[in-house]
Structures are given as structure tokens and as C-alpha cells.
Amino acid sequence: MKVYFACSSQNIRKYLKEYNLIRNILIYLKQDIISYWIDRAFNHAANSHLTRKEELNIHDEGINAINNSDFLVTDVSFSSSSVGYQVGLALSKKIPVLCLYSEEFGDKEAPQVIRAITSPLL
């Protein structure tokens, strides 16, 4: 299956290990990861912050990837309008979404807007 993994680009540097683990689990499960933006972001995060243009390109790639995905996996540990938009976009296209959040870092629970969604695809 084709999967897209979404997370807050602002937190990639700080939670690189955790995001890379999620990515590696998807690869281990033989999921076809759509858009390797996260590989570029991982490599870039080790050196410096993303520029505004790079962030916009990642956002556009994410939208295109969702359009070509069978499901979306996303980290919602932090408030992110981009991730929230991607969750809404996927659900509007009848694409199942798995939202992950950490009880150790971030908001420690799924955002209220995610908890309010009643779609069986979430």
C-alpha cells in the first residue's frame, strides 16, 4: 500500500529519532512511502533550519502525496496547521488516517480538533 507520513516540520530536528523510527517501521512493514520529503528534511535538519520556500515545497509535495496515497500516518503531538490540513484533506478524499501522538512530549494527547472528528476513517 502507498502511505504518506506527515509530521510537524518545525519539530523534525528535536524529534528526529522518533520520526525516523516511524518512517523505518513503515519501511519494515513494506509500505510504499509516497514522497521522500522526510528524507530531505531529515538530512537538512541535521545541518540547519528549513527556509520558507523549502517549507512551502514540502507542503505542496504533501498535498500531492496524499492524492496518491492509500492511507496517511501522521504525528499530531504538536499543533500544526499543515498536518491538520493534511488530515482533513485525506479524510475528505476517503483516505484512512492513523494519528499518532506522544504521551511523553508535545501536547501529550491528540489535539481537540482531531478528537472531535467522528469519521470511521480516523
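Residues numbered from 1 in each chain as written. Predicted model: local features only at pLDDT ≥ 70, side-chain atom pairs only at ≥ 80, totals over all residues. Heavy atoms only, no water.

### Things to note about unusual backbone geometry
Phi at Lys-30 takes a positive value of approximately 60°, unusual for a residue other than glycine. Relative to the helices and strands, Lys-30 resides in the loop between α1 (16-28) and β2 (32-33). Look at Lys-94: it is not a glycine, yet its phi comes out positive at around 65°. (Helix = DSSP H or I, 4+ residues; strand = E, 2+ residues; numbered from the N terminus.)

### A closer look at the nonpolar core
In this structure, Leu-72, Val-87 and Val-97 are the most contacted members of the largest nonpolar core, which totals 17 residues. Among the secondary structure elements, those contributing two or more residues to this core are β1 (2-6), α3 (52-67), α4 (81-92) and β4 (97-100). A per-element tally of this core places α4 first, with five residues. Setting aside residues no more than four positions away along its own chain, Val-87 makes contact with Leu-72, Thr-74, Val-97, Cys-99, Ile-114, Ile-117 and Leu-122. Core analysis: the second largest hydrophobic core is formed by 13 residues, Cys-7, Val-73, Phe-78 and Phe-105 among them. (Core = buried A, V, L, I, M, F, W, Y, C linked by side-chain atoms within 4.5 Å. Buried < 20%, exposed > 50% of the residue type's maximum accessible area, 1.4 Å probe, protein only. Contact = heavy atoms within 4.5 Å.)

### Some points on the pairing of β4
The side-chain alternation of β4 yields one buried face, formed by Val-97 and Cys-99, and one unburied face, formed by Leu-98 and Leu-100. Strand direction decides the pairing type here: strand β3 (residues 71-75) and β4, joined by four bridges, are parallel. Paired with Leu-72 across the strands is Val-97, a residue of β4. You can see the chain leave β3, run along α4 and come back into β4, and the turn it takes is right-handed. (Pairing = 2+ DSSP bridges. Right-handed = clockwise from strand over helix to strand, strands pointing away.)

### Brief notes about the pairing of β3
In terms of burial, β3 is a largely internal element, five of the five residues being buried. Alternating positions in β3 separate into two faces, Phe-71, Val-73 and Asp-75 on one and Leu-72 and Thr-74 on the other, with burial throughout. Pairing of β1 with β3 involves four bridges; the strand directions are parallel. Bridge assignment links Ala-6 to a residue of β3, and that residue is Thr-74.

### Remarks on α4
The terminal C-alpha atoms of α4, which comprises 12 residues, lie 16 Å apart, in line with the 16 Å expected from a rise of 1.5 Å per residue. Residues Val-83, Gln-86, Val-87, Leu-89, Ala-90 and Leu-91 constitute the buried set of α4. Looking one or two places after α4, you find Lys-94, whose phi comes out positive at around 65°. (Expected span 1.5 Å × (residues − 1).)

### Side note on the confidence of the model for the protein chain
Any segment with low pLDDT has predicted coordinates that should not be analysed in fine detail. Looking at the protein chain, pLDDT values average 84 and 84% of them are 70 or higher. By mean pLDDT, the top-scoring element of the protein chain is β4 (95), and the lowest-scoring one is helix α2 (residues 37-45) (65). (pLDDT = per-residue confidence, 0-100.)

### Some thoughts on α1
If you check α1, its first and last C-alpha atoms are 18 Å apart, about what 13 residues at 1.5 Å a residue would give, namely 18 Å. The complete set of buried residues in α1 reads Tyr-19, Ile-22, Arg-23 and Leu-26. Burial along α1 is one-sided: seen end-on, the buried residues are contained in an arc of 95°. For α1, the exposed residues set more than 90 degrees away from the buried face come down to Lys-17, Leu-21 and Tyr-28. Positioned one or two residues after α1, Lys-30 has a phi angle of 60°, which is positive. (Arc of directions from axis to C-beta.)

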